[in-house]
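Architecture at a glance
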Amino acid sequence: MPEGICYLVGAGPGDPLLLTLKGKSRLGRAQVVVYDSLCNPELLDFAPAGAEKIHAGKRAGDHTMPQQDINALLVRETLAGKTVVRLKGGDPFLFGRGGEEAEALAAAGCRFETVPGITSAIGGPAYAGIPVTHRSHNTTLTIFTGHEDPAKEGSSLDFRAIAAAPGTKVMLMGIERLKTISQSLLDSGMDPQTPVALVREATTPRQQTLRGTLADIAAQAESTGFKAPAVAIFGEVAALDPKLRWFESLPLFGKRIAVTRTRSQAGALTERLRELGADAYELPTIRTEPAPDKRAFYELVAYAHSYDWLVFTSPNGADAFFGAFYEIYRDARDLGGVRIASVGPATAARVNSFRFQVDIQPEKHTAENLVAALAKETSVENLKILVVRPEGGRDVVSEQLSKLGAIVDEAIAYRTVPETEANAAGIARFQKDGADLVTFTSGSTAENFQKLGLQVSASTKFASIGPVTSAAMRQLGMRVDIEAETHDIPGLAAAIEKFFGTPKKSPQPSGT
Ligand code: SAH
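So, how was this worked out
- Residues numbered from 1 in each chain as written.
- Predicted model: local features only at pLDDT ≥ 70, side-chain atom pairs only at ≥ 80, totals over all residues.
- Heavy atoms only, no water.
- Helix = DSSP H or I, 4+ residues; strand = E, 2+ residues; numbered from the N terminus.
- Buried < 20%, exposed > 50% of the residue type's maximum accessible area, 1.4 Å probe, protein only.
- Contact = heavy atoms within 4.5 Å.
- Areas by Shrake-Rupley, 256 points an atom, 1.4 Å probe, with all protein chains shown as cover.
- Pairing = 2+ DSSP bridges.
- Axes fitted to C-alpha atoms, helices over the stretch in contact; angles between N-to-C directions.
- Salt bridge = Lys/Arg side-chain N within 4 Å of Asp/Glu carboxyl O.
- 1 Å grid on protein atoms, 1.4 Å probe; cavity = no way out; pocket = protein on both sides within 12 Å on 5 of 7 lines; lining within 4 Å.
- Points joined across faces, edges and corners; volume = space filled by probe spheres on them.
- pLDDT = per-residue confidence, 0-100.
- Phe/Tyr/Trp six-rings, centres within 6.5 Å; stacked < 30°, edge-to-face > 60°.
- Lys NZ or Arg CZ within 6 Å of the ring centre and 35° of its normal.
- Near = heavy atom within 4 Å.
- Polar contact = N/O pair within 3.5 Å; in protein donor to acceptor, adjacent residues only side chain to side chain.
- Nonpolar A, V, L, I, M, F, W, Y, C, P; charged D, E, K, R; others polar.
- Left-handed = near helix turned anticlockwise from the far one by under 90°.

1. Some points on the overall build of the protein chain
Looking only at helices and strands, the protein chain features 17 helices and 20 strands. With respect to the three principal axes, the spread of C-alpha positions in the protein chain is 90 × 60 × 45 Å. Taken across its 512 residues, the protein chain has 50% of its residues classed as buried. Taking the contacts inside the protein chain whose residues are at least 6 apart along the sequence as the reference set, 68% of them involve residues at least 24 apart. Accessible area of the protein chain: about 24100 Å², with a carbon and sulfur share of 51%.

If you want it as C-alpha cells, here you go:
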C-alpha cells in the first residue's frame, strides 16, 4: 500500500487567486479533500474530478463535525494510504486548529506537511486599504481571538495585556461579542478614540467595511446588522487615507453578474469581470457537442486544401476543425495554400493557436462585414470557399457568399445544446441572490437562459456581445440594456464597465 500523506493547506481568505501555488499543486494531487465553510468552494475545482470532497463545516453555530472527528478522519484516510488535503480558511495555523490536527497526525505516525496560507488577519485588512503595520504609525501587531466571552470566568483572554500592547490589534472571530469586547478594552484603558475598522467577507466581491472608533463601533455594528465572518482592526492604521481603499473602489465592485456562456468558455469573461471588482458567477446555459455527422465533417476537413478560402465564424469552429485536421494529418503543410478568413479577433486568436495566420478579418466583427472584407479583397465569383460553422439556423456568411457567385460548402463543425449538468451551482446562486446583470454572448445563450424559467427581478439588466445576439434577444422579448461596441469578450467587459459608471477616483469612506 502506498504511504499516505496529509497536507494542511491554507486556502487564503476568500479570493480564490490568493491560494498559494503550492496549495494549488497539492490540491491537484488530492484523493480526499476535507474543507471548511470559510474556504472558497471554487478552490475544490483544483482537485481532480474523482477526488472525494468532505465538508467539515465550522462556522459560528454550524459545527457539522466536532474537531475530534475531523482529526480522526484525517488520520484514518492518511493511514489508508491516501493523499489527503485538509483545506482550511486563511492560514491553517492561525486560529484554525491546524496545530491540533498536526499533533493528531504526528501522534498517529502519519506523514504530513503544512502549506501556509494568506491569513484573513493580514489579507482582509489589505483589501480594505489597511496595512497592518506602517512605519509612521506602529511597529507592533497583536492578533487575538474574540472567540471567548471576556465576561466568562477563567477566560484566558487578557484584555489588559491586549489594551496595553502598542500598535495595531487585529481580532478574528467574536464580531457577535463586539460590545463586551470593546467595553473590556475601554475598561482596560484603551483610548475611546482609537480608530476601528470591521471588514466582513474580506477579499470577496461581497466585502463590506464599517469604520468607527472604539467608543462607537459596537453600536454601529449593531445598528447596521454587521455580521460575521469579519476581522476587526484596532489602531491608527484603521483610519489611513481613503485613497488606499483600492478594492472597494474597483469600477464593478459589488455588482452581481451572471455569465451564461458554456462552462469552458465562461472563464475569460468571468475573470475579466472579477478583475473589475464584480461578483461574477457562471450560469452556463449551453454547451457544445461534436457535429452529429462526423463523417461528413471529417471529409470536408480532409479536402480543405482544395479550397481557395477557409472561413471561420467562431473559436469553437476553429477548435473542431483543427482537432479533426490533426487527427487526419500529421503535417500542417497538408492544409496547402488555402487562405483563411475569420469573423473576429477571438476566432483569429484560436486559429493562431494552431499556428495558422489569418489573411482576412473585418474591422467590425459581424458576418456581413466578413463577407464585405472578402469581396473587397478579391472577386469571390467561382472561388471555392469552405465555411466552418455550427449546426442549425441559416448562415449569413454562406448565403451572401453564394449570392456573390462563390461555390460554398459548409463544414458543420459542432452543435450547441442546452447545458443540463454543469449549471446547478449557477442556478442555485441565481435563485438565491439574483443578479444585477446577465451577459449573453450568442442567441443560444439567451434562448436557453429563458428556457430555464428563472424568476428575474425587474431591476436585472441584460448585456449582449453584439447586434446578432441583440436581435435574437429582442426576438425572445428580452430588453437589451448594454451592447458591446467591439464584439468580443474585452469589448463586452468594457461596455459593462462603461454602463455601470466610471471608476470612482476617490472612494467614499463606508460606514462613517
Ligand atoms: N485560519 C483563519 C482564521 C480562522 S478563524 C485565517 O488565517 O484567516 C475564523 C475567523 O477568521 C472568522 O471568524 C473571521 O474573523 C476570520 N475570517 C476568515 N475569513 C474571513 C474573511 N474572508 N473576511 C473576514 N474575516 C474572515
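2. Here's the deal with the sheet that holds strand S19 (residues 461-464)
Read across the sheet, 5 strands follow the order S12-S11-S18-S19-S20 without closing on themselves; strand pairing throughout is parallel. The sheet terminates laterally at strand S12 (279-282) and strand S20 (482-483), the two strands that pair on one side only. Summarising the sheet, S19 and S20 pair through 2 bridges and their orientation is parallel. Following the sheet pairing, Ser464 is matched in S20 by Glu483. Together, strand S18 (437-440), S19 and S20 form the strand contacts of helix H16 (residues 467-475), whose direction differs from that of S19 by roughly 140°.

3. Details of the side chain of Asn316
Here Asn316 is to be found in helix H10 (residues 315-328). With near-sequence residues (within four places) excluded, Asn316 lies in contact with Gln265, Thr288 and Tyr414.

4. Here's the deal with the pairing of strand S7 (residues 168-172)
Counting buried residues along S7, 5 of its 5 residues qualify, which places the element largely inside the surrounding structure. Of the strand pairs in this sheet, strand S6 (residues 141-145) and S7 are connected by 5 bridges, and their pairing is parallel. Of the residues in S7, the one forming a bridge with Ile143 is Val170.

5. Thoughts on the pattern of salt bridges
As enumerated under the stated definition, the model contains 27 salt bridges in all. For Arg389, the salt bridge is made with Glu410, and the minimal N-O distance between the two is 3.1 Å. Here the residue Arg389 occupies a position in strand S16 (residues 384-390), and Glu410 occupies one in strand S17 (residues 407-418), the gap between them amounting to 21 residues. Judged by its relative accessible area of 8%, Arg389 falls in the buried class. Overlapping salt bridges, with partners in common, bring together Arg200, Glu201, Arg206, Asp279, Arg429, Lys432 and Asp433 in one network.

6. Details of the layout of surface pockets
Its boundaries defined by the atoms lining it, the second largest pocket holds a volume of some 1500 Å³. In terms of lining residues, the second largest pocket is bounded by 47 residues, among which Thr441, Ser442, Gly443, Val468 and Thr469 are the most central. By residue number, the principal contributor to the lining of the second largest pocket is H16, which donates 6 residues.

7. Observations regarding the confidence of the model for the protein chain
For residues with low pLDDT, the predicted coordinates do not support detailed interpretation. Here the protein chain shows a mean pLDDT of 91. Residues at 70 or above account for 95%. Under a pLDDT of 50 for its full length, residues 504-512 has, in the predicted model, 20 contacts with residues more than four places off or in other chains.

8. Some words on the pairing of strand S10 (residues 230-234)
Counting buried positions over the 5 residues of S10 gives 5, a clear majority of the element. The pairing of S7 with S10 spans 4 bridges and is antiparallel. Opposite Leu172, over in S10, you have Val231 as the bridge partner. When strand S8 (residues 195-200) meets S10, the two strands line up antiparallel, connected through 5 bridges. When the bridges of S10 are listed, Val199 appears paired with Val231.

9. Some thoughts on the environment of Leu17
Here Leu17 is to be found in the loop between strand S1 (5-10) and helix H1 (21-27). Put simply, Leu17 and Arg330 are 313 residues apart on the chain and 38 Å apart in space, counted from C-alpha to C-alpha.

10. Quick notes on the packing of aromatic side chains
For the structure shown, the criterion picks out 21 aromatic pairs. Aromatic pair Tyr127 and Trp246: ring centres 4.8 Å apart, planes at 65°, arrangement edge-to-face. Here Trp246 lies in the loop between S10 and strand S11 (256-259) and Tyr127 lies in helix H4 (residues 120-127), a separation of 119 residues in the sequence. Taken together, the aromatic side chains of Phe312, Phe321, Phe322, Phe325, Tyr326, Tyr329, Phe354 and Phe356 make up a single cluster linked through ring pairs. Between Arg429 and the ring centre of Tyr281, over which it is positioned, the NZ or CZ distance is 4.7 Å.

11. A word on the site of the ligand
Taken together, the neighbourhood of the ligand is formed by 17 residues, with Leu94, Thr119, Ser120, Met173 and Ala230 sitting nearest. Here Ser120 contributes a side-chain N or O atom positioned 2.7 Å from an oxygen atom of the ligand. Contact with the protein chains removes 92% of the 540 Å² of surface that the ligand exposes when unbound. Among the residues making up the shell around the ligand, the classes are represented as 11 nonpolar, 4 polar and 2 charged.

12. Some thoughts on helix H15 (residues 443-451)
Taken as a whole, H15 has its buried residues at Thr445, Ala446, Asn448 and Phe449. Within two residues after H15, Gly453 carries a phi angle of roughly 65°, on the positive side.

13. Examining the packing of helix H8 (residues 263-275) against helix H17 (residues 489-499)
Between H8 and H17, whose axes approach to 10 Å, the crossing angle comes to 35°. Where H8 crosses over H17, the handedness of that crossing is right-handed. For the pair H8 and H17, contact is made by Ala268, Leu269, Arg272 and Leu273 and by Ile489, Leu492, Ala493, Ile496 and Glu497, respectively. Residue composition of the contact of H8 with H17, by class: 7 nonpolar, no polar and 2 charged.

14. Concerning the sheet that holds strand S4 (residues 83-88)
The strand order across the open sheet built from 5 strands is S3-S2-S4-S1-S5, with neighbouring strands paired in parallel fashion. Every other strand in the sheet has two partners, leaving strand S3 (52-55) and strand S5 (111-115) as the edge strands with one partner each. Adjacent strand axes in the sheet meet at a mean angle of 20° when their direction is disregarded. Direction of pairing for S1 relative to S4: parallel, over a ladder of 6 bridges. Following the sheet pairing, Tyr7 is matched in S4 by Val85. Against the sheet, helix H2 (residues 67-79) touches S1, strand S2 (32-35), S3, S4 and S5, its axis set at about 155° to S4. Strands S1, S4 and S5 of the sheet are contacted by helix H3 (residues 98-107), whose axis makes an angle of about 170° with S1.

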